[in-house]
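Descriptive structure summary
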Amino acid sequence: MTAAEQASGGIGRGRLAVCVLTMLAVQANGSIAAVWLPSIAPEVARALGVETALIGYQVMMLYFGAMATSLMVGGGIARYGGWRCSQASCLLFAVGHLVFHLVPTLSGLIVGSLILGFAYGILNPPAAHLLNKVVNEKNRSIVFSIRFTGQPLGGVIATFVAPPVTLAIGWVDAVWIPICTSIALALVMQPLRGDWDKDVQPNAALMRSPLEDIKLIWSVPAVRWLSFTGLIFAAIQLSLTSFTVALLADEIGWSLIVAAYGLTAVQVAGVSGRVSWGWIADKTGSRLAVLSIIASLSGVCAILTMMLGDEWPPALVCILFFVFGFGAMGWNGVHFSQIARLSPPGKVGNATGASMFFTFSGVIFGPAVFATAFGMSDAYTSTFAVLAILSGLALVTIWVAHRCIARESAQDITN
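Counting from 1, residues in each chain are numbered in the order their sequence is written. Under the rules for a predicted model, residues below a pLDDT of 70 receive no local features and side-chain atom pairs below 80 are neither given nor counted, while totals for whole chains, interfaces and linings still include all residues. Side-chain descriptors were evaluated using all non-hydrogen atoms of the structure, hydrogens and water having been removed beforehand.

Examining the overall build of the protein
Helix and strand counts for the protein come out as 23 helices and zero strands. Radius of gyration here is computed from C-alpha atoms only, and the compact-globule reference equals 2.2 Å multiplied by the residue count raised to the power 0.38. For 415 residues, the compact-globule estimate of 2.2 N^0.38 gives 22 Å, and the C-alpha radius of gyration of the protein, at 21 Å, lies within 12% of that figure. Considering only C-alpha atoms, the protein reaches an extent of 60 × 45 × 40 Å along its principal axes. Relative to its 415 residues, the protein shows a buried fraction of 54%. Between two residues, a contact is recorded if the distance between any of their heavy atoms is within 4.5 Å. Long-range contacts, defined here as pairs at least 24 residues apart, represent 82% of the contacts in the protein between residues at least 6 apart. When the accessible surface of the protein is split by element, carbon and sulfur atoms take 70% of a total near 17,100 Å². Note that His is not counted, nor are the chain ends; the positive residues are Lys and Arg, and the negative ones are Asp and Glu. Here the site of a charge means atom NZ of a Lys, CZ of an Arg, CG of an Asp or CD of a Glu. Taken as two groups, the 21 positive and 18 negative side-chain charges of the protein have centres that lie 14 Å from each other. Helix numbers and strand numbers start at the N terminus; a helix is a DSSP run of H or I with at least 4 residues, a strand a run of E with at least 2. Only protein chains enter the calculation, and the probe is 1.4 Å; a residue is then buried if its accessible area is under 20% of its type maximum, exposed if over 50%, and partly exposed in between. Calculation of accessible area relied on Shrake-Rupley with a 1.4 Å probe; when residues are assessed, cover is drawn exclusively from the protein chains displayed.

Have a look at this one:
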C-alpha cells in the first residue's frame, strides 16, 4: 500500500480490522501472561515459603527483561517481519510460564520472569510497525488506542481467572492456561503471516548495538522529548495502580475488598480512556494537545487525592479515581501513534522499541520514587504530590516536543 493510498484511506476495512483485532489479542495475551503471577502472589508466596512482597520483585525482573529486548527487536522486525515477531512474543510468554511450571522455585521465578520480560519487550514495536501500514491521519490515534486497550483488558481477565483456578488446582498447574492461550494465538496467526510480512529484508542485521535505536530517536528532537513524556506518564500510571489500594485501605480506612473497588475504577477508566482520547485526538487533529490535557487532568486529580480523608463519601472517592485513571491510564495509544507518525520512514518499529525503553524505565522509576517519598512523609495522600509534580514535568516535555515540531516545519517551508 503506497503512502498516497494510505493517506486517502485506501486500506480496506476488513484488513484494518484483522490487524487491529489481532494486535489487540496479542497485547491482551501478553498482559494476561505478565499479570498472572502477581494476581496470585499470596498463594505463590505461601507455596514457596517466602513473603508476598518478595514475589513482587518478579515484576521488576520482567521489566528489566523488557527494557533489554525493546532495544533489540528492530532488527528482528526488519529480518522476519512484525507478524512473525508478534508470534515470537506469544511463544516466549508460553516458555516463561513453562519454566514456572517445571521449576517452581525462586530461581525458576527469576528465570521465567526474565523470559516473560523478553517477550514483553517485543510486544509493542512489531504492533506499531504493522498498524502503521493500515492507518491514515484520520484514524491513527483511535486505531493505536483500541489496540492498547488490550493491556487493561488482559489485566482484568488475569485477575478474574487466575485466583479461582489457582485455588482449585494449585499455582503450578494453573500456569497451563497462559501457556496454552499463548501457543494457540501464535498458531492461529500463522496462516496470515505471509500476507503481513511481505516487507521482510532477509539480509537485515539481526543483532545490532542496543544504542543504535536510542541514537535514532535522539536524532529526532520531537521523538526524543516525547519519549521522556512516555517515561513520565508510565511512572504516573504505575504509581497510581500500585498504591491506590494501600491509600484507601491504610489511610481512608476502607476494607481491603472495598478498597479494591477504587483500583477497579482506575482500570475500567483506563479502557474507556484509551479509546476516548484516541477518538478525540483524531477528531481534533492534535495529539500533543490531547496529551497536554491528559497531563493536566492527572495533575489536578493528584492534587485532589492529597486532600482525601475518611469524611469523603465512597462514591465521590470512586469518581475521583475513575477520572484519575481515565487520564493517567489513557495516554498510550495517542502517545505511540504520534511516535509512529514522527518516526523516520521504515523505522517505526525501531523508534517505538527505543521509546518503549524509556517507558519501561518509567515503570521501574515511578513506584520506586513514590515509595521513597512515602518513606519520608509516611502518608500516601501527601505522597501523591510526586504525581502532581510529574504531571507538570510531562507538560514541559510535551511543550518542548511541540516547539521541535514547529521548528522542523518552519525549516521545511524555508527549504
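From this point on, the discussion continues.
Examining empty space enclosed by the protein
Lining residues are defined by having an atom within 4 Å of a point belonging to a cavity or pocket. Those points lie on a 1 Å grid over the protein atoms alone, cavities being sets where a 1.4 Å probe fits but cannot get out and pockets being open sets with protein on both sides within 12 Å along at least five of seven lines. Grid points are joined across faces, edges and corners, and a volume is the space filled by probe spheres set on the points. The final tally for this structure, using the stated rule, is one cavity of 30 Å³ or more. What the largest cavity holds in volume is close to 50 Å³. If you go around the largest cavity, the residues you meet are Asn124, Ala127, Ala128, Leu131, Phe144, Arg147, Phe148, Phe336 and Thr352. Listed by contribution, the elements that provide at least two residues to the lining of the largest cavity are α9 (124-134) and α10 (140-148). The greatest single-element share of the lining of the largest cavity, amounting to four residues, is contributed by α9. Residues were grouped as follows: Ala, Val, Leu, Ile, Met, Phe, Trp, Tyr, Cys and Pro as nonpolar; Asp, Glu, Lys and Arg as charged; and all remaining residues, including Gly, as polar. A breakdown of the residues in the lining of the largest cavity according to their chemical character gives six nonpolar, two polar and one charged.

A look at a nonpolar patch on the surface
There is a patch of nonpolar side chains on the surface, built from Val300, Ile303, Leu304, Met306 and Met307 and spanning about 420 Å² of accessible area. One can find Met307 in the loop between α18 (287-306) and α19 (314-328). Each patch groups residues whose relative accessible area exceeds 30% and which form no salt bridge, using 9 Å between like charges and 5 Å between nonpolar side chains of Val, Leu, Ile, Met, Phe, Trp and Tyr. Any Lys or Arg side-chain nitrogen located within 4 Å of an Asp or Glu carboxyl oxygen qualifies as a salt bridge.

Regarding the packing of α18 against α19
With their axes 8 Å apart at the nearest point, α18 and α19 run at an angle of 150° to one another. Considering the angle they form, α18 stands roughly antiparallel to α19. Judged by the twist between their axes, the crossing of α18 over α19 is left-handed. Contacts between α18 and α19 involve Ile294, Leu297, Ser298, Cys301, Ala302, Leu304 and Thr305 from the first element and Leu320, Phe321, Val323, Phe324, Gly327 and Ala328 from the second. Axis geometry follows a simple rule: fit a line to the C-alpha atoms, using only the stretch in contact for helices, then measure angles between N-to-C directions, giving values from 0 to 180 degrees. An angle below 35 degrees is read as roughly parallel, one above 145 as roughly antiparallel, one from 65 to 115 as roughly perpendicular, and any other as oblique. Crossing handedness is defined as follows: a turn of the near helix away from the far one that is anticlockwise and smaller than a right angle gives a left-handed crossing, while the clockwise case is right-handed.

Here we look at the confidence of the model for the protein
Model confidence for the protein is summarised by a mean pLDDT of 85, while 92% of its residues fall at 70 or above. As a per-residue measure, pLDDT tells how confident the predictor is, with possible values from 0 to 100. Across the protein, element-level confidence peaks in helix α13 (residues 176-189) with a mean pLDDT of 96 and bottoms out in helix α1 (residues 3-7) with 40. In this model, residues 1-10 is a region of pLDDT below 50 whose contacts with residues beyond four sequence positions or in other chains number twelve contacts.

Digging into the nonpolar core
To form a nonpolar core, buried Ala, Val, Leu, Ile, Met, Phe, Trp, Tyr and Cys residues must be joined to one another through side-chain atoms within 4.5 Å. If you look at the biggest cluster of nonpolar residues, it comprises 119 residues, and the most contacted ones within it are Tyr120, Phe233 and Leu291. Element by element, the count of residues in this core is highest for helix α16 (residues 221-250), at 16 residues.

What to know about helix α11 (residues 150-169)
Working rule for helices: expected span equals 1.5 Å times residues minus one. The terminal C-alpha atoms of α11 lie 27 Å apart, and with 20 residues this matches the ideal 28 Å at 1.5 Å per residue to within 8%. Of all bends in α11, the biggest is about 25°, found at Ala162, and the proline Pro163 comes one to four residues later. Turning to α11, its buried residues number three or more, namely Gly150, Pro152, Gly154, Gly155, Ala158, Ala162 and Thr166. Phi turns positive one or two residues past the end of α11, at Gly170, with a value near 95°. We define the bend at any residue as the angle between the axes fitted to the seven residues before and including it, ending there, and the seven starting there.

Digging into the side chain of Ser70
Inspection of the secondary structure assignment puts Ser70 in helix α5 (residues 57-70). Exposure remark for Ser70: the relative accessible area of 0% places this residue in the buried category. The contact partners of Ser70, leaving out residues within four places of it in the chain, are Gly121, Gly353, Ala354, Met356, Phe357 and Phe360.

With respect to the packing of aromatic side chains
Two aromatic rings, drawn from Phe, Tyr or Trp (for Trp, its six-membered ring), form a pair once their centres lie within 6.5 Å of each other, and the interplanar angle then sorts them: stacked below 30 degrees, edge-to-face above 60, tilted otherwise. All told, the structure shown has 17 aromatic pairs when counted by the stated rule. Ring geometry for Phe93 versus Tyr120: centroids 6.4 Å apart, planes at 80°, classification edge-to-face. Taken together, the residues Phe93 in helix α7 (residues 82-102) and Tyr120 in helix α8 (residues 106-121) connect sequence positions 27 residues apart. For the pair Phe93 and Tyr120, a shared accessibility class is recorded, and that class is buried. Consider the rings of Phe370 and Phe384, whose centres lie 5.3 Å apart with planes at 85°: the pair is edge-to-face. You can see Phe370 sitting in helix α21 (residues 348-377) and its partner Phe384 sitting in the loop between α22 (380-383) and α23 (385-414), a full 14 residues away along the chain. Of the two residues, Phe370 and Phe384, both sit in the buried class. One aromatic cluster in this structure is built from Trp218, Trp225, Phe228, Phe357 and Phe358. Lysine NZ or arginine CZ positioned within 6 Å of the ring centre and within 35 degrees of the ring normal marks a charge as sitting over the ring. Lying across the ring of Trp196, Arg15 places its NZ or CZ 4.0 Å from the centre. One cation-aromatic arrangement involves Arg147 over Phe148; the distance from NZ or CZ to the ring centre is 4.8 Å.

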